[in-house]
Amino acid sequence: MNDAVLEKLKILAESAKYDVSCSSSGTVRKNKPGGLGNTVGGMGICHSFSEDGRCISLLKIMLTNNCIYDCAYCINRRSNDIRRATFNVNELVELTIEFYRRNYIEGLFLSSGVINNPDYTMERMVRVVKELRTIHRFNGYIHMKSIPGSSQELVNEAGLYADRMSVNLEIPTENNLKLLAPEKDHLSVYQPMRFIQQGMLQSIEDRKRIRSTPRFVPAGQSTQMIVGATNETDKDILSLSSKLYKRPSMKRVYYSGFIPVNSYDKRLPVLKQAPLVRENRLYQADWLMRFYEFRADEIVDNRFPNLDLEIDPKLAWALRHPEMFPVDINRADYSMILRVPGIGVKSAKLIITSRRYGRLNASQLKKMGIVMKKAQYFITCNELPMYTVNEATPEHLRKILTEPKKKKGDDDRQLSIIFPD
């Protein structure tokens with residue numbers, strides 16, 4: 001590997017770090033005679049090449065950081081004075097294979113700026129993944145970004161070689177996207193999303209008739225939204241996510257806290273750091289929609305358009321609806337048990353299974369991994385006292401659950417005097 005390629009690697013790995021939608025999804029590709037490597041399901045590959053030489057799992061790289069667009073929120077925007085680099089197809093293919101052979105990586109996450117036009121860029125990216133699969137018989141995990149505005153023919157060809165594809169929405173609403181990226185629109189994003197979905201559904205039908213039909217994007221597609229760059233509420237963001245999850249091909253929506261890399265642009269908000277707490281709450285709310293049978297309008301609505309940054313969304317919902325509690329653990333159905341703060345999916349399933357053999361008590365619930373600090377106020381069972389959210393009141397309970405932890409060695413009996421600043 002020559003110095004020129006290493007320099008490109010350093011530049012383009014740095015440019016790719018802001019895209020967070022790079023985790024794998026557990027797809028499986030078995031090794032074949034004469035092939036190179038395999039993809040093991042459930043491994044959750046989501047790391048990238050680092051400058052300090054650490055052994056990593058996923059080569060997260062851009063084909064080029066040159067771009068014809070001038071998006072206000074992007075470090076690779078056309079008007080930025082940064083170092084630029086572009087891999088040719090052979091360089092990137094060789095780099096991936098050599099890294100894989102040295103056990104540095106288990107797969108490839110490939111994205112790119114847009115050069116010339118979307119189809120020109122997409123065609124070069126397709127050549128990379130096609131050569132890896134057909135010439136080098138590479139069976140590792142490949143996540144490929146689809147360029148907004150690219151043709152259906154190129155998306156269909158890419159889907160034959162990539163495990164997962166993604167198209168980033170970036171800004172949740174069309175108006176704000178036009179404000180920060182006047183050259184883009186949501187139509188160019190939704191179109192390749194639809195192409196990917198059509199290809200997946202067609203592949204499933206074809207494989208029912210002919211088992212040897214090549215799989216099309218077997219791990220589905222994902223997308224990413226930037227949080228905090230514009231004035232969308234959490235209600236706007238989660239409502240859009242809910243609609244996207246209704247598509248059978250959409251597996252994950254990622255939320256990326258806005259990082260002010262172009263602070264000179266007056267269209268952007270003035271932030272000292274990324275809104276990480278809000279990003280975390282959005283992921284928790286996303287989890288509730290995907291695994292806990294919550295609807296988006298239950299988590300956020302017109303009265304509460306933004307998530308509570310102090311407590312998690314599930315606890316916030318429970319405190320807003322004390323009339324739903326307490327829940328009798330020994331009688332309630334699975335859906336209602338899932339809504340109890342402190343009880344996860346595995347614990348809820350374990351409760352349903354275990355109570356067939358006898359009534360459950362507090363010590364048994366604790367052994368199941370339930371967070372009794374939260375759950376005790378929302379449930380009843382054989383041994384729990386009747387001091388629930390209704391007796392404690394939601395306001396008082398919120399104060400109890402959010403008060404800071406006592407430091408080791410603190411004595412409640414010791415008088416402390418707090419002096420004003």
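Scroll up for the structure.
Being a predicted model, the structure only gives us computed values, none of them experimental. (Residues numbered from 1 in each chain as written. Predicted model: local features only at pLDDT ≥ 70, side-chain atom pairs only at ≥ 80, totals over all residues. Heavy atoms only, no water.)

**Q** In this structure, what is going on with the nonpolar core? I would like to understand it.
**A** Across soluble globular proteins, you tend to see nonpolar side chains buried next to one another. Counting 113 residues, the largest nonpolar core has Ile-61, Tyr-73, Leu-238, Leu-365 and Phe-378 as its most contacted members. Once you skip the residues sitting within four places of it in the chain, Ile-61 turns out to touch Leu-9, Leu-12, Ala-13, Ala-16, Phe-87, Leu-92, Leu-108, Phe-109, Leu-110 and Ser-111. (Core = buried A, V, L, I, M, F, W, Y, C linked by side-chain atoms within 4.5 Å. Buried < 20%, exposed > 50% of the residue type's maximum accessible area, 1.4 Å probe, protein only. Contact = heavy atoms within 4.5 Å.)

**Q** What is the right way to look at unusual backbone geometry in this model?
**A** Glycine aside, negative phi is the norm for most residues, and most peptide bonds take the trans geometry. Cis geometry marks the peptide bond from Phe-325 to Pro-326; its omega dihedral reads 5°. Within the secondary structure, Pro-326 is located in the loop between α10 (313-320) and β7 (327-328). One non-glycine residue with positive phi stands out, namely Asn-116, at about 65°. Along the chain, the position of Asn-116 falls in the loop between β2 (107-111) and α3 (118-134). (Helix = DSSP H or I, 4+ residues; strand = E, 2+ residues; numbered from the N terminus.)

**Q** Sorry if this is basic, but what is going on with the sheet that holds β2 here?
**A** The sheet built from six strands is open, its strands ordered β1-β2-β3-β4-β5-β6 with parallel pairing. Edge strands, defined here as strands with exactly one partner in the open sheet, are β1 (58-62) and β6 (250-257). Shown here is a sheet whose adjacent strand axes are inclined to one another by a mean of 20°, direction ignored. As defined by bridge partners, strand β3 (residues 141-145) adjoins strand β4 (residues 164-166) across three bridges and the pair is classed as parallel. Residue Met-144 lies in a different strand from β4, and its bridge partner there is Met-165. (Pairing = 2+ DSSP bridges. Axes fitted to C-alpha atoms, helices over the stretch in contact; angles between N-to-C directions.)

**Q** Mind showing me how you'd approach the packing of helix α2 (residues 89-101) against α3 here?
**A** A pair of packed helices can be characterised by two numbers: the angle between their axes and the separation between those axes. Here α2 crosses α3 at 40°, and the two axes come no closer than 9 Å. As judged from the angle between their axes, α2 and α3 are oblique. Crossing hand, α2 versus α3: right-handed. Here Val-89, Asn-90, Leu-92, Val-93, Thr-96 and Ile-97 of α2 come into contact with α3, specifically with Arg-124, Arg-127, Val-128, Glu-131 and Leu-132. Here the contact of α2 with α3 is composed, by residue class, of six nonpolar, two polar and three charged. (Parallel < 35°, antiparallel > 145°, perpendicular 65-115°, else oblique. Left-handed = near helix turned anticlockwise from the far one by under 90°. Nonpolar A, V, L, I, M, F, W, Y, C, P; charged D, E, K, R; others polar.)

**Q** What exactly am I supposed to notice about the pairing of β2 here?
**A** Note on strand geometry: in a regular strand, side chains alternate between the two faces of the sheet. By the criterion of burial, β2 is predominantly enclosed, with five of the five residues buried. Along β2, one buried face is formed by Gly-107, Phe-109 and Ser-111 and the opposite face, lined by Leu-108 and Leu-110, is buried too. Here five bridges tie β1 to β2, and the two strands are oriented parallel to one another. Across the sheet, residue Met-62 finds its bridge partner in β2, namely Ser-111. What joins β1 to β2 is α2, and the crossover it makes is right-handed. (Right-handed = clockwise from strand over helix to strand, strands pointing away.)

**Q** Looking at this structure, how should I read the packing of helix α4 (residues 152-159) against helix α6 (residues 187-209)?
**A** Interhelical geometry of α4 versus α6 gives an angle of 50° and a closest axis separation of 10 Å. Here α6 runs oblique to α4, going by the angle between their axes. Note on packing geometry: the crossing formed by α4 with α6 is right-handed. For the pair α4 and α6, contact is made by Gln-152, Val-155 and Asn-156 and by Pro-192, Phe-195, Ile-196 and Gln-198, respectively.

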